[in-house]
Each structure stands twice: as C-alpha cells, then as structure tokens.
Amino acid sequence: MALQETFEEQGNWLFKRRSYFPIIILTVGILWYIFLLHNHEVSVHKWWVNLLFLCVGFLGLGIRIFTIGFTPAGTSGRNTDKGQVAEQLNTSGIYAMVRHPLYLGNFFMWLAPVLIISDMWFILFFCAFYWIYYERIMFAEEQFLRKKFGQTYLDWANKTPAFFPKFSQYKKANLNFSLKNVLKREYSGFFGMIFIMTMLRMIGFAVTTEQFYLDKPWIIIFSVAFVIFALLKMLKKFTKVLNVEGR
C-alpha cells in the first residue's frame, strides 16, 4: 500500500479512537511524575504557578471557543466517531488562518497539565507524541475534504497553514458568535482539564507529604469548575436552553 493510503488508513483508525490519546498521556504522565517526585527531581509548585499553567490551558480553550462559537452545523469542524462528516467547507473566521484550530486548542489544553510535571523530557515526549498522533488524523481529514470539495478545498489549503495560524489572513466568520453552542459543547473539556490538574496536584502532595491534601486556592478553583460543569450538564440533559438552530 502506498504511503498516502497508509497514512489515510492510519488517520481514520486513530480518529475513531482519539479518546484513547488522553488516557495514554495521563497514565504515562502520572507514573513519570510519581517517579520524579520519589527521586526528588521535581517538587510541588506553589498554587499560583499551577494557575499560570492553567492559563496556558485557557489559551487552548479560548481557541476552541473562538472556533466553535462561529462554526455552523455540517462543516469540516464537525466530525463523528463513525468517521468524517462535512456538508460544507468552513473557510471563514479562524479557519481562514489555520486549517485545524480545534487540534491547536487541544494541544494547549493538554500542555497545561503536562507543565505541572515540569520535566523537559516529558514535555518533549508529549509534543512529539501529539504531533505524530494527530498528524495522521489531520492527513485523513484532509484527504476526505479534498475528495469531497476538490479545487475549492485545494485553493483554501494552499494558502492556509495546517497548524500554525497566519493571523494576517483572518476573515470575519459568516455566522454570529453563539455562546450557547460553546457552553453546550465545551463544558466537559473545561472541567476535564481542571480535574486532571487538580488530580496531579493532589498526587504531588500525597507523594511528598504522605497525606491527602489540597490547598485552599485550588479547592476553590476546582469547586467553581465543578459547579459550572454540573449546571451546564444538567441544562444540556434536561432542557433545550442551549440548543441553537443550525449549530
């Protein structure tokens, strides 16, 4: 099989199983963090340092919010576990600057807890693993879009970077920003990031002090995030408040 078909097949396979990526990174990260703590190669940061790392994650969340807030239903940004789905090609808004903004946002959201481990080798491992993993997925997505939209896709792809935004190319989105669509889709990712960072912080204290402990500022951060998560989850499950036609 030619490399092009191989990459596409691998990308489609990884796409359907992309939920496993967090599990792999989280498992390896926790084990490595415990090892480093036991060997006194790293220590638990002050709470405000972890808050700075959380800001890196919020950068990624912001990218996703900016993407999803302007994204209509049935575009290249809306795929399913069954495979690629795209009724139209999204080339305005953030998609005028970068072809895969959601994966760019995901990168920063995952980089936040990785920074807590504070080991350069693990950070490099994460970056390399993320790129190899998602490069195949991006390749498969682009093959699908190329076959479906032909020259229209090629014209857009030839001038739009895959992963590193070209800000000078920004073009106003065709739709207005939908906060409801963002709240409906992003609450779980928001809470998941804070939950993982909180868990790593608790592990850090457990290994270094041999007791269950979480400092007050981070308890507040986690509690606020949990309340937001719970409220939005209930609104989505039991009401239609967050539903937006065409999104």
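Described below are features of the structure shown in this document. (Residues numbered from 1 in each chain as written. Predicted model: local features only at pLDDT ≥ 70, side-chain atom pairs only at ≥ 80, totals over all residues. Heavy atoms only, no water.)

1. Digging into the environment of Lys184
Its location among the elements puts Lys184 in helix H7 (residues 179-209). Each C-alpha atom, one on Lys184 and one on Gly105, is 17 Å from the other, the two residues being 79 residues apart in sequence. Beyond its immediate stretch of four places on either side in the chain, Lys184 contacts Lys236, Leu242 and Asn243. A distance of 3.1 Å separates a polar atom in the side chain of Lys184 from a polar atom in the side chain of Asn243. (Helix = DSSP H or I, 4+ residues; strand = E, 2+ residues; numbered from the N terminus. Contact = heavy atoms within 4.5 Å. Polar contact = N/O pair within 3.5 Å; in protein donor to acceptor, adjacent residues only side chain to side chain.)

2. Some thoughts on a nonpolar patch on the surface
A cluster of nonpolar side chains, namely Tyr20, Ile23, Ile24, Val28 and Phe125, defines an oily patch on the protein surface of about 440 Å² accessible area. Element by element, the count of residues in the nonpolar patch is highest for helix H2 (residues 20-38), at 4 residues. Take Ile24: it is sitting in helix H2. According to the relative accessible area criterion, Ile24 is partly exposed, its value standing at 37%. (Patch = residues over 30% accessible without salt bridge, like charges linked within 9 Å, V, L, I, M, F, W, Y side chains within 5 Å. Areas by Shrake-Rupley, 256 points an atom, 1.4 Å probe, with all protein chains shown as cover. Salt bridge = Lys/Arg side-chain N within 4 Å of Asp/Glu carboxyl O. Buried < 20%, exposed > 50% of the residue type's maximum accessible area, 1.4 Å probe, protein only.)

3. Structural notes on the layout of surface pockets
Of the volumes computed, that of the second largest pocket is approximately 210 Å³. Arg99, Met138, Phe139, Glu142 and Tyr153 are, among the 14 residues lining the second largest pocket, the residues nearest its centre. For the lining of the second largest pocket, the secondary-structure elements that each account for two or more residues are helix H5 (120-149) and helix H6 (151-159). Ranked by residues supplied to the lining of the second largest pocket, first place goes to H5 with 8 residues. Here the residues of the lining of the second largest pocket sort into 7 nonpolar, 2 polar and 5 charged. (1 Å grid on protein atoms, 1.4 Å probe; cavity = no way out; pocket = protein on both sides within 12 Å on 5 of 7 lines; lining within 4 Å. Points joined across faces, edges and corners; volume = space filled by probe spheres on them. Nonpolar A, V, L, I, M, F, W, Y, C, P; charged D, E, K, R; others polar.)

4. Concerning empty space enclosed by the protein
Rolled over the atoms, a probe sized like a water molecule indicates the empty space that remains. Counting across every chain of the model gives 2 cavities of 30 Å³ or more. Reported here for the largest cavity is a volume of approximately 60 Å³. As for the largest cavity, its lining consists of Ile25, Leu26, Gly29, Ile30, Trp110, Pro113, Val114, Ile117, Phe122, Ile196 and Leu200. Residues belonging to the lining of the largest cavity are distributed by class as follows: 10 nonpolar, 1 polar and no charged. The computed volume of the second largest cavity comes to approximately 50 Å³. Considering the residues around the second largest cavity, the lining is formed by Phe66, Thr67, Phe70, Thr71, Asn90, Ser92, Gly93, Ile94, Tyr95 and Ala173. For the lining of the second largest cavity, the per-class residue count stands at 5 nonpolar, 5 polar and no charged.

It is worth stressing that arrangement in space is one thing and function is another; only the former is reported here.
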